[in-house]
Amino acid sequence: MAPGFRDIVEEARLSVRALLDYGDGLFHPTVRLGVTGLSRAGKTVFITALIHGLTRGGRFPVFEPFATGRIARAGLEPQPDDAVPRFDYENHVCTLIEQQRWPNSTVDISELRLVIDYQRHNGADRTLTLDIVDYPGEWLLDLPLLNKSYEQWSIESLALSREGPRAKLAGPWHNHLATLNAGDRENEQSALASARLFTDYLRACRDERFAMSLLPPGRFLMPGNLKGSPALTFAPLDVAAAGTAPDGSLWAMMRRRYEAYKDVVVRPFFRDHFARLDRQIVLVDALAAFNAGPEALHDLEAALAGILDCFRIGRGTLLSHLFRPRIDRILFAATKADHLHHSSHDRLEAVLRRTVAKAADRAEYAGAAIDVVALAAVRATREATVARGRDRLPSILGTPACGEVSNGETFDGETEVATFPGDLPADPQQLFEGTFRGLSSTPSGNTDFRFLRFRPPRLERAGDEAPVLPHIRLDRALQFLIGDRLQ
Ligand SMILES: Nc1nc2c(ncn2[C@@H]2O[C@H](COP(=O)(O)OP(=O)(O)OP(=O)(O)O)[C@@H](O)[C@H]2O)c(=O)[nH]1
Ligand SMILES: [Mg+2]
């Protein structure tokens, strides 16, 4: 398809941005690291732990420049973008360490600059600037909308909403949809009701019992200052792919608003943030999908395919070819691995590897280096072996968060318990064959997995020194993401 005027303008803007960044990068070697993941995946905890570890001397044996002492200093400096909120690092550390609570949910983009002084292998002193950008994964999953017409999006969203557990959750919206005729005159009240019922359906899918991942448009569930605006007041209609919307019809109104959503939300995100990233970590809460059931796992797989597609889109811009390849490394990380016994960490990694590999095949992806890791940015548990009859079960010890329920017991947030969350199978394929029982189909208590939320660990202080946060494989993630830039 020939590029339209809007595409050319967009390309020119991207090019100017890339040139400015490129010039800057010549004098100050910089890595712009995107940290993303769907809501509650662990973004805030990951960034907080990463900065805390680098600035306060964490234990990172696998992060070579750190372990060999070549990093002389790492410290925070003012960030480069004046219009982006600063990542509230100090507050998050205080919540985590002093109050032993997890940080509150964040719904916007934020940024922080870390400057690392290090010695090259040849002895020369150098500085690497690491700009960390935290943005919701839901925004990333909006990028495929750029290549879809309203009609295509409607057809796909409707088809998806008729599958598996989604069909039941979409009931009220489908009933309303059946009363609408796309060719009828445009009507604000119909648009409002459709958008509300469609959003209710998306919200129900996200509930932890179903833990669905693929829920665009992302801002419907996190509208921010666009709440109530026409750009968020639309929904799919039952329309034909090749059809034309009659002037003044409900269809034309919905289509106009869908295009407005792309203009107001998706394109600026792509231009101002996504297209400027060099490296990307995608955090994935696979355990939430195991809790919910096989459909959630398949949905996660589809979401990861969508995400990989975005990185392909991101490589197509003109100047990024001429000057430097953008996003050249992508790490997929299964978070909260501390909920599993270490004997299952490799298995969790294998599940994610299998999910990403399949997604990568589908997306016909070729380009950046991709790796997979199972990690816990903050390790909230310890391990133990618990005797049950003759069996010795590999268990984990932790303090379940206040209000968590297991086997009819409600926890008070103070008592440490040993739990056996369930073993992952040695062959990840078994999980994808859909034979396990999750909350979406089975009452809690009878599910195959039950991962409780634990409180952050109680840390021992040695004198005035800030305590070190325990983690699992955070150093491996760092080595992949920036190790090569500190040679
Ligand atoms: N045990 C354990 N729990 C974690 C870890 N990281 C995150 N969590 C849990 O996951 C929840 C969400 O983590 P956040 O870092 O706030 O996730 P987020 O992706 O920033 O979430 P939003 O800001 O809501 O999009 C926390 O409240 C913890 O319950 C971890 O390393 N270990
Ligand atoms: Mg957050």
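Reading the values: rules and limits
Residues numbered from 1 in each chain as written. Chains lettered and ligands numbered in written order. Predicted model: local features only at pLDDT ≥ 70, side-chain atom pairs only at ≥ 80, totals over all residues. Heavy atoms only, no water. Helix = DSSP H or I, 4+ residues; strand = E, 2+ residues; numbered from the N terminus. Buried < 20%, exposed > 50% of the residue type's maximum accessible area, 1.4 Å probe, protein only. Areas by Shrake-Rupley, 256 points an atom, 1.4 Å probe, with all protein chains shown as cover. Pairing = 2+ DSSP bridges. Axes fitted to C-alpha atoms, helices over the stretch in contact; angles between N-to-C directions. Donors = N, O, S within 2.8 Å, 3.2 Å for Na, K, Ca; no water. Phe/Tyr/Trp six-rings, centres within 6.5 Å; stacked < 30°, edge-to-face > 60°. Disulfide = S-S within 2.5 Å. Near = heavy atom within 4 Å. Polar contact = N/O pair within 3.5 Å; in protein donor to acceptor, adjacent residues only side chain to side chain. Nonpolar A, V, L, I, M, F, W, Y, C, P; charged D, E, K, R; others polar. Salt bridge = Lys/Arg side-chain N within 4 Å of Asp/Glu carboxyl O. Core = buried A, V, L, I, M, F, W, Y, C linked by side-chain atoms within 4.5 Å. Contact = heavy atoms within 4.5 Å. pLDDT = per-residue confidence, 0-100. Parallel < 35°, antiparallel > 145°, perpendicular 65-115°, else oblique. Left-handed = near helix turned anticlockwise from the far one by under 90°.

### Details of the overall build of the protein chain
Thought 1: The helix and strand inventory of the protein chain stands at 16 helices and 12 strands.
Thought 2: If you line up the protein chain on its principal axes, its C-alpha atoms span 70 × 65 × 40 Å.
Thought 3: When the 487 residues of the protein chain are sorted by exposure, 54% land in the buried category.
Thought 4: Entry remark: accessible area of the protein chain is about 22000 Å², with carbon and sulfur atoms responsible for 50%.

### Quick word on the sheet that holds strand β9 (residues 391–398)
Thought 1: Pairing within the open sheet is antiparallel, and its 3 strands lie in the order β8-β9-β12. Two strands in the sheet have a free side with no partner beyond their single neighbour: β8 (382–388) and β12 (417–419). Neighbour-to-neighbour, the strand axes of this sheet turn through a mean angle of 45 degrees, independent of strand direction.
Thought 2: In this sheet, β9 lies alongside β8 in antiparallel orientation, the contact comprising 7 bridges. The partner of Glu 383 across the bridge, within β9, is Ile 396.

### What to know about the coordination of the magnesium ion (ligand 2)
Thought 1: For the magnesium ion (ligand 2), every protein donor is listed as Thr 44 (OG1) and Thr 106 (OG1), and the spread of their distances is 2.0 to 2.1 Å. A residue pair is termed long-range when its members are at least 10 positions apart, and Thr 44 in helix α2 (residues 43–56) and Thr 106 in the loop between α4 (89–98) and β3 (110–119) qualify at 62 residues.

### Let's talk about unusual backbone geometry
Thought 1: Following Pro 216, the chain continues to Pro 217 via a peptide bond in cis, the omega torsion being 0 degrees.
Thought 2: One can find Pro 217 in the loop between α9 (188–206) and α10 (250–272).
Thought 3: Unusually for a residue other than glycine, Ala 211 sits at a positive phi of about 45 degrees.
Thought 4: By secondary structure assignment, the location of Ala 211 is in the loop between α9 and α10.
Thought 5: Of note, the phi angle at Arg 473 is positive, near 60 degrees, even though the residue is not glycine.
Thought 6: Examined against the element boundaries, Arg 473 turns out to sit in the loop between α15 (429–432) and α16 (474–482).

### Re the packing of aromatic side chains
Thought 1: Under the counting rule described, the total for this entry stands at 22 aromatic pairs.
Thought 2: Seen from their ring centres, Phe 63 and Phe 66 are 6.2 Å apart, and the 20 degrees between their planes marks the pair as stacked. Taken as a pair, Phe 63 and Phe 66 share a single burial class, namely buried.
Thought 3: Centroid distance Trp 153 to Phe 198: 5.9 Å. Interplanar angle 90 degrees. Geometry classified as edge-to-face.

### Side note on the sheet that holds β3
Thought 1: Strand order across the open sheet formed by 7 strands is β2-β3-β4-β1-β5-β6-β7, with mixed pairing between neighbours. In the strand order of this sheet, the two ends are held by β2 (71–77) and β7 (369–374), each with one partner. When the angles between neighbouring strand axes are averaged without regard to direction, this sheet yields 20 degrees.
Thought 2: Note: strand β1 (residues 30–37) against strand β5 (residues 279–284), 5 bridges, orientation parallel. The residue of β5 that forms the bridge with Gly 34 is Gln 280.

### Some words on the state of the cysteines
Thought 1: Tallied over the full model, the rule gives 0 disulfides.
Thought 2: Cysteine Cys 94 is unpaired, with the sulfur of Cys 402 as its nearest cysteine sulfur at 20 Å.
Thought 3: On the accessibility criterion, Cys 402 (62% relative accessible area) is exposed.

### Focus: the site of ligand 1
Thought 1: In the vicinity of ligand 1, 18 residues are found, and the nearest of them are Lys 43, Thr 44, Ser 105, Thr 106 and Asp 338.
Thought 2: Arg 40 places a polar side-chain atom, nitrogen or oxygen, 2.9 Å from an oxygen atom of ligand 1.
Thought 3: Within the backbone of Val 45, a nitrogen or oxygen atom sits 2.8 Å from an oxygen atom of ligand 1.
Thought 4: Relative to its unbound accessible surface of 640 Å², ligand 1 loses 96% to contact with the protein.
Thought 5: Its residues assigned to classes, the shell around ligand 1 comprises 8 nonpolar, 6 polar and 4 charged.

### Quick look at the pattern of salt bridges
Thought 1: All told, the structure shown has 33 salt bridges when counted by the stated rule.
Thought 2: Glu 64 is the salt-bridge partner of Arg 70, the closest N and O atoms lying 2.8 Å from each other.
Thought 3: Residue class for Arg 70 comes out buried when judged on its relative accessible area of 8%.
Thought 4: In this structure Glu 64 comes out as partly exposed when scored by relative accessible area, which is 24%.

### Concerning the nonpolar core
Thought 1: One finds Trp 173, Leu 237, Phe 274, Phe 290, Leu 304, Phe 332 and Leu 348 to be the most contacted residues of the largest nonpolar core, which totals 92 residues.
Thought 2: Here the element with the most residues in this core is α10; it accounts for 11 residues.
Thought 3: If you look at the next biggest cluster of nonpolar residues, it comprises 44 residues, including Ile 51, Ala 74, Leu 112 and Ala 477.

### Brief notes about α16
Thought 1: The element α16 is extensively covered by neighbouring structure, given that 7 of its 9 residues are classed as buried.
Thought 2: Leu 474, Asp 475, Ala 477, Leu 478, Phe 480, Leu 481 and Ile 482 are the residues of α16 that are buried.

### As for the pairing of β5
Thought 1: Within β5, 6 of the 6 residues are buried, which leaves it mostly tucked inside the rest of the structure.
Thought 2: The two faces of β5 match: Arg 279, Ile 281 and Leu 283 on one face and Gln 280, Val 282 and Val 284 on the other face are all buried.

### Some remarks on helix α8 (residues 171–178)
Thought 1: Regarding α8, the residues found buried are Gly 171, Trp 173, His 174, His 176 and Leu 177.
Thought 2: The inward-facing, buried residues of α8 contact α6 (150–161), α7 (166–169) and α9.

### What about the environment of Lys 227?
Thought 1: Mapped onto the elements of the fold, Lys 227 is located in the loop between α9 and α10.
Thought 2: Put simply, Lys 227 and Trp 251 are 24 residues apart on the chain and 22 Å apart in space, counted from C-alpha to C-alpha.

### What to know about the confidence of the model for the protein chain
Thought 1: Here the protein chain averages 90 in pLDDT, and 93% of its residues register 70 or above.
Thought 2: Taken as a whole, residues 317–325 scores under 50 in pLDDT and shows 18 contacts with residues more than four places along the chain or in a different chain.

### Notes on the packing of α9 against α10
Thought 1: Here α9 crosses α10 at 55 degrees, and the two axes come no closer than 10 Å. If you check the angle between α9 and α10, you find them oblique. Both α9 and α10 take part in a crossing whose hand is right-handed. Contacts between α9 and α10 pair Glu 188, Ser 190, Ala 191 and Ser 194 from the former with Leu 250, Met 253, Met 254 and Arg 257 from the latter.
Thought 2: Broken down by class, the residue content of the contact of α9 with α10 amounts to 4 nonpolar, 2 polar and 2 charged.

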